[in-house]
Amino acid sequence: MALEPHAFLSMLIKRAGLTDEDKILLKAQAEWGLQAAPDMADHFYAYLGRDEEMSGILNDGNGRAHRLRETFVDWFYEMFTGIDDWSSAYAERRWKIGLVHVRIGIGPQHVVPAMATVVHEVGKRLKRDGKSEELKDALGRICMIDLAFIEQAYIEVSSAAVLQETGWSEGLFRRLIATGAKTM
């Protein structure tokens, strides 16, 4: 079940409808993205900080909140630059970000609403700064692609752990999941 990040990114780009025009638009607004990134980090971490469980994860006493905030700013800016035109390096970086979320316990139940907060706040900022709807749409698509990487990291790590611990085949595991889903 090992994920190949570049192939996963290519599939997501196609599914989300991220076009070459979107990429050109994002790149053209990269400086704006860099300027907006700290404000978006503030909204993201303010949202997460209001949750008791997340506050404990973020404020571990080892400077985690500061490091994560810096990473968020980089992540936000990279959505505009695409690192390598949204190719292998971008995919590898997004995959690593997903794995970090799994490792430190920031689950989908936290990330999805926090990402919704970012999308909402960036929409307000775009409007305030006189940016186009096309930019808002392109940014929304790349945010969802990045969110899918985090979600998929949970699936991949959980699946690999079960397969390793049980010795089951991937086919058996998938059948058990499908059977279990039918009973719910």
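Each remark here, short or long, concerns the structure printed above.
Figured I'd write up the structure that's included with this text. (Residues numbered from 1 in each chain as written. Predicted model: local features only at pLDDT ≥ 70, side-chain atom pairs only at ≥ 80, totals over all residues. Heavy atoms only, no water.)

### Section: the overall build of the chain
No. 1: When its secondary structure is counted, the chain shows 9 helices and 0 strands.
No. 2: The linear arrangement of helices and strands in the chain, starting from the amino end, is α-α-α-α-α-α-α-α-α.
No. 3: At 18 Å, the chain has a C-alpha radius of gyration in line with the 16 Å of a compact globule built from 184 residues.
No. 4: With respect to the three principal axes, the spread of C-alpha positions in the chain is 55 × 40 × 30 Å.
No. 5: Taking all 184 residues of the chain together, the buried fraction comes to 40%.
No. 6: Nonlocal contacts in the chain, meaning residues at least 24 apart in sequence, comprise 78% of its contacts between residues at least 6 apart.
No. 7: Summing over all exposed atoms, the chain offers an accessible surface of approximately 9,900 Å²; the carbon and sulfur share of this is 55%.
No. 8: Measuring between centres, the 22 positive side-chain charges of the chain sit 2 Å from its 27 negative side-chain charges. (Helix = DSSP H or I, 4+ residues; strand = E, 2+ residues; numbered from the N terminus. Rg over C-alpha atoms; globule rule 2.2 N^0.38 Å. Buried < 20%, exposed > 50% of the residue type's maximum accessible area, 1.4 Å probe, protein only. Contact = heavy atoms within 4.5 Å. Areas by Shrake-Rupley, 256 points an atom, 1.4 Å probe, with all protein chains shown as cover. Lys, Arg positive; Asp, Glu negative; His and termini not counted. Charge placed at Lys NZ, Arg CZ, Asp CG, Glu CD.)

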